[in-house]
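Structure assessment
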Amino acid sequence: MPTPADITRAAELKQRLDEHGFRYYVLDDPVVTDAEYDRLFHELVALEAAYPQLARADSPTHRVGGKILAEFAEVVHRVPMLSLGNAFTDEDVANFDRRCREGLAADDADTNTEIEYACEPKFDGLAISLTYEDGVFVQGATRGDGAVGEDVTLNLKTIRAIPLSLPANTFPLKFPKLLEVRGEVLMLKKDFAKLNDRQLAKGEKLFVNPRNAAAGSLRQLDSKLTAERPLHFFAYGVGAVEDSANAEGLNQRSSHAQMMNWLEALRFPVSAERRVVKGLQGLLAYYRQIGERRATLPFEIDGVVYKVNSFAAQEKLGFVSRAPRFATAHKFPAEEATTLLLGIDVQVGRTGAITPVARLQPVFVGGTTVSNATLHNEGEIRRKDLRIGDTVIVRRAGDVIPEVAAVIYAKRPADAREFVMLTRCPQCNSHIEKLEGEVIARCTGGLFCPAQRKQALLHFAQRRAMDIEGLGDKLVEQIVDAQLVRTPADLYRLGLTALAQLERMGEKSASNLLDGIEKSKHTTLAKFLFGLGIRHVGESTAKDLAKYFGNLNAIIHAPHEELLLVNDVGPVVAQSLRHFFDELHNREVVEQLRACGIVWTEQTMSIKEADANTALVNVKAPGLFAGKTVVLTGTLPTLSREDAKEQLEAAGAKVAGSVSKKTDFVIAGAEAGSKLNKAVELRVAVIDEAQLIEMLAAHSRQEKSN
Ligand code: IVH
């Protein structure tokens, strides 16, 4: 028999584990470490093992899953789970709003009064119903056909965000004898990505999207398997409520928004994006605003839901067939669509990288018509077991490049063909080779290959390199095809007559281009170096090299070992630099460019020389961001990306392109996207431009006063 002390301890452990779980999974604000949580958890497991009578139905120990079912039992919903009408256009929404106004107006009253609506995201997951009796979670079911669903109670218990019991003693938050909470089970985007990484590592099938992953995970007969899948839950309504005399909390509330606040107080996760708005304009503004933030939300949504806020008004409007008249779903354009894979082409990039590209039967997805999608590399085609002729699911989310997300194998025709990787470049007929250990195949043609030449010229001309105004991809295409230009140096020898003869090129635009080329001659060593397009030498490495060596000749002749002394230059980068400058034709191009009049100020004293003679150097105090890695994301209100970067680098920061555990600061502007999410997830400090400027100014004031 458990002693009274054991009984108290078990209750205390449950209460603390519930509290920590709530803070971690619902509030995303944990106060204990995972290890501390595990310690408490195992203590409770041990107590319950010794005294099974201590294991209550709502014990957190049930969260790890249990016995294996033969099948799911049927559950008849006390209150049917309905569906929602859909709106796709502003006009559809206007009609919805008009119908609501007409339905609510007294017979001869005017229908102009604006209605108050509760708006929330439309979660892209699976609808479920949770039954609580006397505050304890007793049964959970899928929607099924709306009338009868499947009993997935054991699986739902593994979802940490679903409370196993309602907070009992938090007067006046009493709950009814029976309460059904309705909501959506889903998988957060970050958890989905991690799950697919794991599947890949195990060589198992990838999930197409978070919704499929959530559905597959919830319908496991072995709840231990569900417990391994990171599912989440959001509540958006209630079903049956019995003994509501006791449901003071709910009775005192007369609107959807108030009910949602009550659910939140009962510790159900509810959307932080929920808003109350007025009238049609309010609805449409909400739709736009959530649409803009869609990519940055931690979960997938496929639209927003509008509900007439007042319960009395809801009741008056009632239902049509199986959907409420008082609510509708305003859908976003679908991000996934099914289409046919007609063929696979290959594209040749600047460094010769061969990228297979899917040619698709045009399909409307993510708001545009898509007829090509990247397939990344040959390995990806094999991994997805993609064949020409297959029916595929194409995905285009936000501004990202369209992708083939999955194959519908059931629809594969008998004559579907496997993709055969080319052995020769389609542009220049050079050999295609794939080095040991690399995933990417490359054309070996170098600048002999017109495709690589075009990309190299575009790289050279871009704003962050030589900044040649007016030289875009169409023009590069033309001047290379007309054989006016082979190397970057040829650009500086272009003449007006030759240019003006190109199709669609008048004298005026030709002379504008020549002006742009002329202006680009004044540059910096770092930009020039970056523009050369040496493999692995990005903008930041080019800057480090320029800073370290101070002049181009020193870099051209630097032995491998010396290159390694430069910040962030490792063996791969050093080898790539040596490869490039050891090639005679590359050195020739560089010389020709200088002969064409490209100039920059060579540093009077490079770090290298300074190091050799420290006595001469005026050692500066370490900058504000010395040794710190900073990532910029979004649009800053006043500084351009380049300017911000320059300021940060001047203060000693290393400006990186992606957020990782090593990132010290993220500077976020408007419409910051996945990088900001990542930063929040990894708990990296996030500041805005104003804070950055303030920090820089304060530091420089301090420096001056010292
Ligand atoms: S309210 C009377 N709110 O959309 C129907 N549904 O087509 C009550 N859904 O099966 C549903 N997010 O799974 C509501 N914020 C939200 C929702 C939502 C997603 C799903 C739900 C339902 C479907 C209706």
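Shown above is the structure to which this text applies.
Right, let's walk through the structure included here. (Residues numbered from 1 in each chain as written. Predicted model: local features only at pLDDT ≥ 70, side-chain atom pairs only at ≥ 80, totals over all residues. Heavy atoms only, no water.)

**Overview of the packing of aromatic side chains**
Convention followed: Classification of ring pairs rests on two measures: the distance between centres of Phe, Tyr or Trp rings, Trp counted by its six-membered ring, which must be within 6.5 Å, and the angle between planes, read as stacked under 30 degrees, edge-to-face over 60 and tilted in between. Runs of E in the DSSP output that reach at least two residues are strands. Runs of H or I that reach at least four are helices, and both are numbered from the N terminus. For every residue, the accessible area (1.4 Å probe, protein chains only) is compared with the maximum for its type, and the residue is labelled buried under 20%, exposed over 50%, or partly exposed between those bounds.
Evaluation of the coordinates by the stated rule reveals 15 aromatic pairs. A centroid spacing of 5.8 Å and a plane angle of 40° characterise the contact between Phe-96 and Tyr-117, whose relative ring orientation is tilted. Pair noted here: Phe-96 is in helix H3 (residues 90–104) and Tyr-117 is in strand E3 (residues 116–123), with a separation of 21 residues, a long-range link. With respect to burial, Phe-96 and Tyr-117 carry one shared label: buried. Through pairs of rings, three or more aromatic residues link up here, namely Phe-123, Phe-234 and Phe-299.

**Looking at the site of the ligand**
Going by this rule: Nearness is defined per residue: one heavy atom within 4 Å of the molecule or strand is enough. Think of a polar contact as two N or O atoms within 3.5 Å of one another; within protein, one of them needs to be a possible hydrogen donor and the other a possible acceptor, and neighboring residues in sequence only count if both atoms come from side chains. For accessible areas, the Shrake-Rupley method is used with a probe of radius 1.4 Å. Any residue's cover is judged against the shown protein chains and nothing else. Three residue categories are used. Nonpolar comprises Ala, Val, Leu, Ile, Met, Phe, Trp, Tyr, Cys and Pro, charged comprises Asp, Glu, Lys and Arg, and polar comprises the others, including Gly.
The environment of the ligand is made up of 13 residues, and the closest members are Glu-120, Phe-123, Glu-184, Tyr-236 and Lys-307. Between a nitrogen atom of the ligand and a main-chain N or O atom of Phe-123, the distance comes to 3.0 Å. A distance of 3.0 Å separates a nitrogen atom of the ligand from a polar side-chain atom of Lys-307. For the ligand, the protein covers 84% of the area, taking 520 Å² as the surface of the free molecule. When residues of the shell around the ligand are traced back to their parent elements, those giving at least two are E3 and strand E10 (301–308). Residue contributions to the shell around the ligand peak at four residues, all from E3. Within the shell around the ligand, the residues separate by chemical class into eight nonpolar, no polar and five charged.

**A short note on empty space enclosed by the protein**
For clarity, the threshold we go by: Buried and open spaces are told apart on a 1 Å grid over the protein atoms alone, a cavity being a set of points where a 1.4 Å probe fits but cannot get out and a pocket being an open set with protein on both sides within 12 Å along at least five of seven lines. Residues with an atom within 4 Å of a point are the lining residues. Grid points are joined across faces, edges and corners, and a volume is the space filled by probe spheres set on the points.
Evaluated as defined, the whole model comprises one cavity of 30 Å³ or more. In this structure, the largest cavity encloses a volume near 30 Å³. Classifying every residue of the lining of the largest cavity by side-chain character gives five nonpolar, one polar and two charged.

**Focus on the sheet that holds strand E24 (residues 654–656)**
Quick reminder of the rule: For two strands to be treated as a pair, DSSP must find no fewer than two bridges joining them. Each axis is a line fitted through C-alpha atoms, taken for helices only over the stretch in contact, and angles between the N-to-C directions span 0 to 180 degrees. Contact criterion: two residues are considered in contact whenever any of their non-hydrogen atoms come within 4.5 Å of each other.
As summarised here, the arrangement of the four strands in space is E24-E23-E25-E26, forming an open sheet in which the pairing is parallel. Since the sheet does not close on itself, it has two edges, and those belong to E24 and strand E26 (685–687), each with one partner. Adjacent strand axes in the sheet meet at a mean angle of 30° when their direction is disregarded. Pairing of strand E23 (residues 629–633) with strand E25 (residues 665–668), which is carried by four bridges, proceeds in the parallel orientation. Counted as the bridge partner of Thr-633 is Ala-668 from E25. Packed onto the sheet, helix H25 (residues 641–650) meets E23, E24 and E25 and runs at close to 165° relative to E23. The strands touched by helix H26 (residues 674–681) within the sheet are E23, E25 and E26, with E23 carrying the most contacts at an inclination of about 135°.

**Side note on the pairing of E3**
For E3, the tally of buried residues reaches six of eight residues, placing the bulk of the element in the interior. Note that E3 and strand E9 (residues 275–278) share four bridges and pair antiparallel. The residue of E9 that forms the bridge with Cys-119 is Arg-275. When E3 meets E10, the two strands line up antiparallel, connected through seven bridges. Bridging from a neighbouring strand, Phe-123 pairs with Ile-301 of E10.

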